[in-house]
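Examination of the molecular architecture
Residues per chain, in single letters:
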Amino acid sequence: MLAMKLLPLATLASCLLILPPANAAGRKPNVLFIALDDLNDWIGCLGGHPLTKTPNLDRFAASGVLFRNAYCAAPSCNPSRTAVFTGLPPHRSGLYQNTQKLRDVLPDQELLPRYLSRQGYWSAGSGKLLHYVIDPQSWDDYYPDKAKDNPFPPTFNPPNRPISLALGGPWQYRETDWAALEMSDEEFGGDWRVTEWIGKQLQQPRDKPFFLACGIYRPHEPWFVPAKYFEPFPLESIRPGPGFKENDLDDVPAEGKRIARNRYFPHILEHKQWERGIQAYLASIHYADAMVGRVLDELERSPHRDNTIVVLWSDHGWHLGEKEHWQKFTPWRLSGRVPLILRVPEGVPGLPEGTRPGSVCDRPVSLVDLFRTLTDLCGLPPKADAGNRSLVPLLRDPAAEWPHAAITHLDHPENYAISTESWRYIHYRDGGEELYDLAADPHEWTNLAGKPEHAAKLAEMRKLAPGTIAPVRKTRITTQ
Ligand SMILES: [Ca+2]
Ligand SMILES: [Ca+2]
């Protein structure tokens, strides 16, 4: 009798030993993580510019949840990406600027890919995911070469630069330049190579769930892309973005004017390059969209298609003359608002029903919440210090109650913007303030901060600021 009773127990034990390291529902889901660089809301499904052509982003949005009020943690590459990969916003990490080196400021922080690897995942990436470094310790594999800590594959660089925009002086970023290149995608290299490698990874059988991160560099400058991507945008059709308004800075405080007037826009006007710049940005977006399409197509024919969460985001937006500004680094919506789309298949531990195709969510969310969102979706323990806000309730019901605001920090701890669903508040280190009613004024043309009838709303928005704001943490390197 004793032997007969023990046998099933032994059998059960052996069954437990051969189960995969996943929950009872099955294997952990894979994550395909697609980052775009400097892409503002000029995508079809966000309606940012009437001429833009982004059929692949739009079809992906139609298959999942499109967040229409998603904001970066900071409107520049390094702090925005660091926040995504650590789960720490700048006001907690002290990393606010492009010049602060990740591993000087946060030597021991575990980044998302390493965290997932420690939970049984295979983590790999390609292209720009962090700020011009790979951080090799964080990945199991990386293309082109983890050992060289350079995330960029070979990319064609035209000789005799600049091509379109004369160099105005040492203040000008030398990559602010644009041109249509008479070559194929493959000859151009760059993001084509990144997406080629990502596509190959998607076709491989895997004995572990994967975290696969695809860093697409366009529409980051320089706006050189193959000529075919310029074709839908003839120069005579080009118009400024819908957010442009003459004299829009008249009601902006002094610190806002200082940030806006960074010399680029007058320089571009002087050289009669405004329309050409807009054309090149649209072409670069169209190219980036085609690269996204390559990855989505590879996922469609991948054996992992039905068990892969897809996340697509841009690190921040971009101005092309709006508020007399050309570039990023501003507190306004055009810099801070980003495309964010998630698609979750059925059977995922944190959301067994998956996302509903064609969903839109207007709640204000931050990219810094992606870390916790992914660990929740994958059924993994949350990273202890990465904040506790998860987007899963909104993936389940995009209209769910959401009492939170999104904070976007500029390069100084006392310069920040707070976004709710209908309002935006901007605070400057010298005490200057702006308040915008997004329902009536989506382009932030009319600053209501000084209007007595909006005093109560202003007071309400001020209270949403973080209670504690970390100072800028010093690094060994102080120049870019
Ligand atoms: Ca960027
Ligand atoms: Ca204005």
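Counting of residues starts from 1 at the beginning of each chain's written sequence and follows it residue by residue. Written order decides the labels, with chains lettered from A and ligands numbered from 1. Restriction of local features to residues with pLDDT of at least 70 applies here, the model being predicted, together with a cutoff of 80 or more for giving and counting side-chain atom pairs; totals for whole chains, interfaces and linings are based on all residues. Working from all heavy atoms in the structure, the side-chain values ignore hydrogens and water.

1. Topic: the coordination of the calcium ion (ligand 2)
Filter applied, for reference: Donor criterion used throughout: N, O or S atom within 2.8 Å of the metal, extended to 3.2 Å for Na, K and Ca. Water excluded; incomplete-looking sites may result. A simple rule labels every residue: compare its accessible area, found with a 1.4 Å probe on the protein chains alone, to the largest value its type can have, and call it buried under 20%, exposed over 50%, or partly exposed in between.
Looking at the calcium ion (ligand 2), one finds its protein donor set to be Asp-248 (O), Asp-248 (OD), Asp-251 (OD) and Trp-445 (O), positioned 2.3 to 2.4 Å from the metal centre. Residue classification places Asp-248 among the buried residues on the basis of a relative accessible area of 2%.

2. Looking at the packing of helix H2 (residues 55-62) against helix H11 (residues 274-300)
Where we set the bar: Only the stretch in contact is used when fitting a helix axis, every axis being a line fitted to C-alpha atoms; angles between N-to-C directions are given from 0 to 180 degrees. Helix and strand definitions here come from DSSP, where helices need a minimum of 4 consecutive H or I residues and strands a minimum of 2 consecutive E residues; each element is numbered from the N-terminal end. Roughly parallel covers angles under 35 degrees, roughly antiparallel covers those over 145, roughly perpendicular covers 65 to 115, and oblique covers all other angles. Here, two residues are considered to be in contact whenever any of their heavy atoms come within 4.5 Å of each other.
Their axes nearest at 7 Å, the elements H2 and H11 cross at an angle of 45 degrees. Relative to H11, the element H2 lies oblique. Along its contact with H2, which presents Pro-55, Asn-56, Leu-57, Arg-59 and Phe-60, the element H11 presents Asp-289, Ala-290, Val-292, Gly-293, Leu-296 and Asp-297.

3. Considering the sheet that holds strand E15 (residues 406-409)
Stated precisely, the cut-off is as follows: Should DSSP find at least two bridges between two strands, the strands are regarded as paired.
Across the sheet, four strands lie side by side as E15-E16-E17-E18; this open sheet has antiparallel pairing. Looking at strand neighbours, the two that pair on one side only are E15 and strand E18 (433-437), the edges of this open sheet. Each strand axis lies, on average, 15 degrees off the axis of its neighbour in the sheet, ignoring direction. Relative to E18, strand E17 (residues 423-427) runs antiparallel, the two being bridged by five bridges.

4. Remarks on the nonpolar core
For clarity, the cut-off: To qualify as a nonpolar core, a set must consist of buried Ala, Val, Leu, Ile, Met, Phe, Trp, Tyr and Cys residues joined through side-chain atoms within 4.5 Å.
Leu-32, Ile-34, Ile-198, Leu-212 and Trp-326 are the most contacted members of the largest nonpolar core, which has 59 residues in total. Ranked by residues supplied to this core, first place goes to H11 with 14 residues. In this structure, Val-65, Leu-116, Trp-313 and Leu-394 belong to the second largest nonpolar core, which totals 50 residues.

5. Let's talk about the coordination of the calcium ion (ligand 1)
Heads up, the condition is: A site with four donors is called tetrahedral when every donor-metal-donor angle falls between 85 and 135 degrees; four donors are called square planar, and six octahedral, when opposite donors sit more than 155 degrees apart and all other angles fall between 65 and 115; any other arrangement is irregular.
Ligation of the calcium ion (ligand 1) by protein atoms is provided by Asp-37 (OD), Asp-38 (OD), Cys-77 (SG), Asp-315 (OD), Asp-315 (OD) and His-316 (NE2), these donors lying 2.1 to 2.8 Å from the ion. Classification of the site at the calcium ion (ligand 1) rests on its six donor atoms, whose angles at the metal span 51 to 153 degrees, yielding the label irregular. In primary sequence terms, the donor set of the calcium ion (ligand 1) follows D-D-x38-C-x237-D-H. Here Asp-38 is found in the loop between strand E1 (30-36) and H2, whereas its partner Cys-77 is found in helix H3 (residues 77-86), with 39 residues between them in sequence.

6. Quick word on unusual backbone geometry
Residue Pro-144 is reached from Tyr-143 by a cis peptide bond, and omega for that bond is 15 degrees. On the secondary structure map, Pro-144 appears in the loop between strand E5 (141-143) and strand E6 (178-181). Backbone torsion omega between Arg-161 and Pro-162 reads -10 degrees, so that peptide bond is classified as cis. Here Pro-162 lies in the loop between E5 and E6. A positive phi is found at Tyr-132, a non-glycine position, where the angle reads about 65 degrees. Classification of Tyr-132 as partly exposed rests on a relative accessible area of 29%.

7. Thoughts on the environment of Gln-97
With respect to the helices and strands, Gln-97 occurs in the loop between helix H4 (90-93) and helix H5 (102-105). Expressed as a C-alpha distance, the spacing of Gln-97 and Glu-433, which sit 336 residues apart in the sequence, is 22 Å. Setting aside its immediate chain neighbours within four residues, Gln-97 contacts Asn-78, Pro-79, Asp-411 and Val-472.

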